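Structural overview for review
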Amino acid sequence: MGLFLIVLMCIATVLLIRNMNKRIRRLPDSFPVAGERDRVAEIARDDAGARSSGATTGAEVEAGRSAEAAGAAEPEVAGVPEEHSGSAAGNGADRS
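Conventions adopted
- Residues numbered from 1 in each chain as written.
- Predicted model: local features only at pLDDT ≥ 70, side-chain atom pairs only at ≥ 80, totals over all residues.
- Heavy atoms only, no water.
- Helix = DSSP H or I, 4+ residues; strand = E, 2+ residues; numbered from the N terminus.
- Buried < 20%, exposed > 50% of the residue type's maximum accessible area, 1.4 Å probe, protein only.
- Patch = residues over 30% accessible without salt bridge, like charges linked within 9 Å, V, L, I, M, F, W, Y side chains within 5 Å.
- Areas by Shrake-Rupley, 256 points an atom, 1.4 Å probe, with all protein chains shown as cover.
- Salt bridge = Lys/Arg side-chain N within 4 Å of Asp/Glu carboxyl O.
- Lys, Arg positive; Asp, Glu negative; His and termini not counted.
- Charge placed at Lys NZ, Arg CZ, Asp CG, Glu CD.
- pLDDT = per-residue confidence, 0-100.

The next subject is the overall build of the protein chain. Tallying secondary structure elements over the protein chain gives 3 helices and 0 strands in all. Counting helices and strands in the order they occur from the N terminus, the protein chain gives α-α-α. Residues classed as buried in the protein chain amount to 1% of the 96 residues present.

Here it is as structure tokens:
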């Protein structure tokens, strides 16, 4: 009876190892950076939220309105040095 249990556990171990190896082979070689993945997910959520709430997307905004808004905000951001213009949530990996 002991030999039967040992053989059964060996067979179960071999099957588990084969299953894990198949799953490991399916994984990609590398995963995207967590910050980039979070940014893409946030953009997708914002886009989905805009669609469901009925808000206009960037393509639906009139060209004249967009130009006026960009011109009005320009003097405010002119004094910001380029090295400080990154997001506060960034980890600094994208800076050179």
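Turning next to a positive patch on the surface. Among the surface-exposed residues, Arg-18, Lys-22, Arg-23, Arg-25 and Arg-26 lie close enough to one another that they form a single positively charged patch. Residue position: Arg-18 is located in helix α1 (residues 2–26).

With that out of the way, let us pick up the confidence of the model for the protein chain. Here the protein chain shows a mean pLDDT of 73. Residues at 70 or above account for 52%. Mean pLDDT per element in the protein chain: helix α3 (residues 63–77) is the minimum at 56, and α1 is the maximum at 97.

Taken together, Leu-16, Ile-17, Met-20, Ile-24, Leu-27 and Phe-31 make up a surface patch of nonpolar side chains, about 640 Å² in accessible area. Tracing the chain through its elements places Leu-27 in the loop between α1 and α2 (34–53). Judged by relative accessible area, which is 47%, Leu-27 ranks as partly exposed.

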